[in-house]
Amino acid sequence: MLQGISNEAFVLGCSAIGAGLAMIAGLGPGIGQGIAAGKGTEAVGRQPEAQGDITRTMLLGQAVAETTGIYSLLVAIILLFVQPLLSAL
């Protein structure tokens, strides 16, 4: 089954699959940030006088949640362009 594939091509293919799987991790922060923004809007609607505190807390939480997406993007870029697994051949 793998007779016609070189070792380099196999490693590059696996790196591309790994990069795609790493980008799936970007879905979680997107969904979480959407939910947080919706809940923040609801909270401001219930207590308009606390808008500053609610917005500040929501943005801090979204910034922390976004780090997961940034790390997954970084892993995908490293796998695709730096190709660290080729040095193991």
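Residues numbered from 1 in each chain as written. Predicted model: local features only at pLDDT ≥ 70, side-chain atom pairs only at ≥ 80, totals over all residues. Heavy atoms only, no water.

- Under the annotation held in an unreviewed UniProt entry, the chain carries the name ATP synthase subunit c and is attributed to Wansuia hejianensis.
- Turning to the chain, the UniProt record has this under Sequence similarities (unreviewed entry): "Belongs to the ATPase C chain family."
- Heading Subcellular location (unreviewed entry) of the UniProt record for the chain holds this comment: "Cell membrane". (UniProt positions renumbered as here; feature names shortened; annotations may be inferred.)

### Examining the pattern of salt bridges
Phase 1 of the analysis: Per the stated rule, a full pass over the model turns up one salt bridge.
Phase 2 of the analysis: Here aspartate 53 ties to arginine 56 by a salt bridge, and the two come within 2.5 Å at their closest N and O atoms. Placement of both aspartate 53 and arginine 56 in helix 3 (residues 51–82) is noted, with a separation of three residues, approximately one turn of the helix.
Phase 3 of the analysis: Under the relative-accessibility criterion, arginine 56 is labelled exposed at 54%. (Salt bridge = Lys/Arg side-chain N within 4 Å of Asp/Glu carboxyl O. Helix = DSSP H or I, 4+ residues; strand = E, 2+ residues; numbered from the N terminus. Buried < 20%, exposed > 50% of the residue type's maximum accessible area, 1.4 Å probe, protein only.)

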